[in-house]
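What the coordinates show
Listed below are the residues making up each chain.
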Amino acid sequence: MNAVMPKMPLSGLILILAFFTQAAESATVIDNFATRQSTTNTVNGPVNVSGSDLSNLQRTLNSSPTPSGTTRIFVEDGLLTVGNSSNSAGTASIFYNFAAVDFTTFANAILLTTESSDASYQIQMIANGTSLLSFQNLASVAIGSPSTIRFDFSQFSNPAAFKNLNSLELKLRGTHAAWDADFSQLSTVPEPSVTALLIIGALGIVGGKRQKTSSGLTPAVKIF
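Rules used in this analysis
Residues numbered from 1 in each chain as written. Predicted model: local features only at pLDDT ≥ 70, side-chain atom pairs only at ≥ 80, totals over all residues. Heavy atoms only, no water. Helix = DSSP H or I, 4+ residues; strand = E, 2+ residues; numbered from the N terminus. Buried < 20%, exposed > 50% of the residue type's maximum accessible area, 1.4 Å probe, protein only. Contact = heavy atoms within 4.5 Å. Pairing = 2+ DSSP bridges. Axes fitted to C-alpha atoms, helices over the stretch in contact; angles between N-to-C directions. Phe/Tyr/Trp six-rings, centres within 6.5 Å; stacked < 30°, edge-to-face > 60°. Lys NZ or Arg CZ within 6 Å of the ring centre and 35° of its normal.

1. Let's talk about the overall build of the chain
- Along the backbone of the chain there are 2 helices and 13 strands.
- Out of the 224 residues belonging to the chain, those deemed buried represent 37%.
- Within the chain, residue pairs in contact and separated by at least 24 positions form 71% of the contacts whose partners lie at least 6 positions apart.

2. Considerations on the sheet that holds strand S7 (residues 91–101)
- Strand order in the open sheet formed by 6 strands is S3-S4-S7-S12-S9-S10, and the pairing between neighbours is antiparallel. Both outer strands of the open sheet, strand S3 (43–48) and strand S10 (131–138), are each paired with one neighbouring strand and no more. Each strand of the sheet is rotated relative to its neighbour by a mean of 15 degrees, with strand direction disregarded.

3. Observations concerning the pairing of S10
- Relative to S10, strand S9 (residues 121–127) is paired through 6 bridges, and the arrangement is antiparallel. Bridging from a neighbouring strand, Gln122 pairs with Asn137 of S10.
- Turn length for the S9-S10 hairpin, with the two strands adjacent in sequence and antiparallel, is 3 residues, and the turn residue Asn128 shows positive phi of about 55 degrees.

4. What to know about unusual backbone geometry
- Across the junction of Gly45 and Pro46, the peptide omega takes the value 5 degrees, indicating a cis bond.
- Locating Pro46 in the fold gives a position in strand S3.
- A cis geometry characterises the amide bond from Thr66 onward to Pro67, with omega recorded as -10 degrees.
- In this structure, Pro67 sits in the loop between strand S4 (58–64) and strand S5 (71–76).
- In the Ramachandran plot, Asn56 falls in the positive-phi region, its phi being about 55 degrees despite a non-glycine side chain.
- Here Asn56 lies in the loop between S3 and S4.
- The phi dihedral of Asp77 is positive, around 55 degrees, even though this residue is not glycine.
- Since its relative accessible area comes to 62%, Asp77 is described here as exposed.

5. Comments concerning the packing of aromatic side chains
- Under the defined criterion, the tally for this structure stands at 8 aromatic pairs.
- Against the face of Phe135 rests Arg173, its NZ or CZ located 3.6 Å from the ring centre.

6. Structural notes on the environment of Thr39
- Among the secondary structure elements, Thr39 is positioned in strand S2 (residues 37–40).
- Look at Thr39 and you get buried, because its relative accessible area is 5%.
- Spatially, the C-alpha atoms of Thr39 and Thr60 are 9.7 Å apart, while their sequence positions differ by 21 residues.
- Excluding residues that lie within four positions of it along the chain, Thr39 makes contacts with Asn44, Leu61, Asn62, Ser63, Thr71, Arg72 and Ile73.

These figures capture arrangement, not role.
Right, here's the structure in full:
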């Protein structure tokens, strides 16, 4: 005796389809800050970084106190920590170089997750040494309420740099002399093209069936 498979509503198929396609499309991790490194008022690196989805990724740290005092950068246990002493208005630079890749084939933005910051701060990004994202003012982030900030490629002075990208630099500074911040991941935004197309197509089928039903049209019945 052949078992008859129960019919699943199309809406259920759409949800399952969305779940699996979204699981297949994950963000590209640039740095999860697992590879240890630190510097105070000087340069450290380049250091080979593990846990990145980019090939041959190296990281260089450069802390520049201004005009004096202390600027520290620590990378440890999944956190990038930047801090300035009360008499320093310095800038922390995190510079990456890696095997050239066309970011535009799988992403259109960069994400930076801030776990906490005790004051407002600013960030600048430089792609390939020439394409600038001007300093952005970011609000303080309370402990236990992480914030993920999105930086679209289109915000950079030359978005085309992402078609053949081999370096990326982050510059961080406080809007006041003393500040501290923890960051947990630098990644890209995945393109949702596959998921979007499949779901839109499925929704189109549903919409078409509803339209036929509402217009009084009856689907043709095949007689064998």
